[in-house]
Amino acid sequence: MDPEDVRSFRPISNLSVVSKLLERLVARQLLEYLDRSGLLPRLQSVYRACHSTETAVLKVLSDIPLDIDAGDRSALVLLDLSAAFDTVDHDILVRRLETSYGLSGSVVQ
């Protein structure tokens, strides 16, 4: 990376400790609500205890041979969604949070 180019540096987070703690508390409450309500897919790995990219990869690596042994066909499609959130329409996101997940009021504001 070019040290003279500003784009080579990532921004520094200036969030206070209190705001970080508040963010974790809200995230924990939201995940508990989604889990209790059955709104999280069973195989979702993100933001779940004892789940990670490693467990997701192991699931795929075990499912493919099982399909082949059963005489089925398998296809693996990989997508890079690292910048996907930058393209989300926030009005649609808020409506989806309200209708699909029952979140409203100050939560979505």
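Everything discussed here concerns the structure shown above.
Residue numbers run consecutively from 1 along every chain, following the written order of its sequence. Whole-chain, interface and lining totals are the exception, using all residues; otherwise, since this is a predicted model, local features are given only for residues with pLDDT of at least 70 and side-chain atom pairs are given and counted only at 80 or more. Here the side-chain values reflect all heavy atoms present in the structure, with hydrogen atoms and water set aside.

Honestly, the overall build of the protein in this entry has me stumped. Any pointers?
Put simply, DSSP marks the helices as runs of H or I at least four residues long and the strands as runs of E at least two long, and each gets a number from the N terminus on. Along the backbone of the protein there are three helices and zero strands. Each radius of gyration reported is based on C-alpha atoms, and the globular scaling rule is 2.2 Å times the count of residues to the power 0.38. Its C-alpha atoms give the protein a radius of gyration of 19 Å, clearly above 13 Å, the size a compact globule of 109 residues would have. Taking the principal axes of the C-alpha coordinates as reference, the protein spans close to 55 × 45 × 30 Å. Scored against the burial criterion, the 109 residues of the protein give a buried share of 6%. What makes two residues a contact is simply this: any of their non-hydrogen atoms within 4.5 Å. For the protein, the share of sequence-separated contacts (at least 6 apart) that also reach a separation of at least 24 residues comes to 20%. As displayed, the protein has an accessible area near 10,100 Å², and 59% of this comes from carbon and sulfur atoms. Side chains of the protein give 12 positive and 16 negative charges; the mean places of these two sets differ by 6 Å. Whether a residue is buried, partly exposed or exposed follows from its accessible area with a 1.4 Å probe, protein chains only, as a fraction of its type maximum: under 20%, in between, or over 50%, in that order. Note on areas: Shrake-Rupley with a 1.4 Å probe; residue coverage comes only from the protein chains shown. Note that His is not counted, nor are the chain ends; the positive residues are Lys and Arg, and the negative ones are Asp and Glu. Here the site of a charge means NZ on Lys, CZ on Arg, CG on Asp, or CD on Glu.

For this particular structure, what's the right way to read the environment of Ala70?
Looking at the secondary structure, you find Ala70 in the loop between α2 (53–69) and α3 (90–101). Here Ala70 falls in the exposed class, since its relative accessible area comes to 56%. Each C-alpha atom of the pair Ala70 and Val17 lies 53 Å from the other, and the pair is 53 residues apart in sequence.

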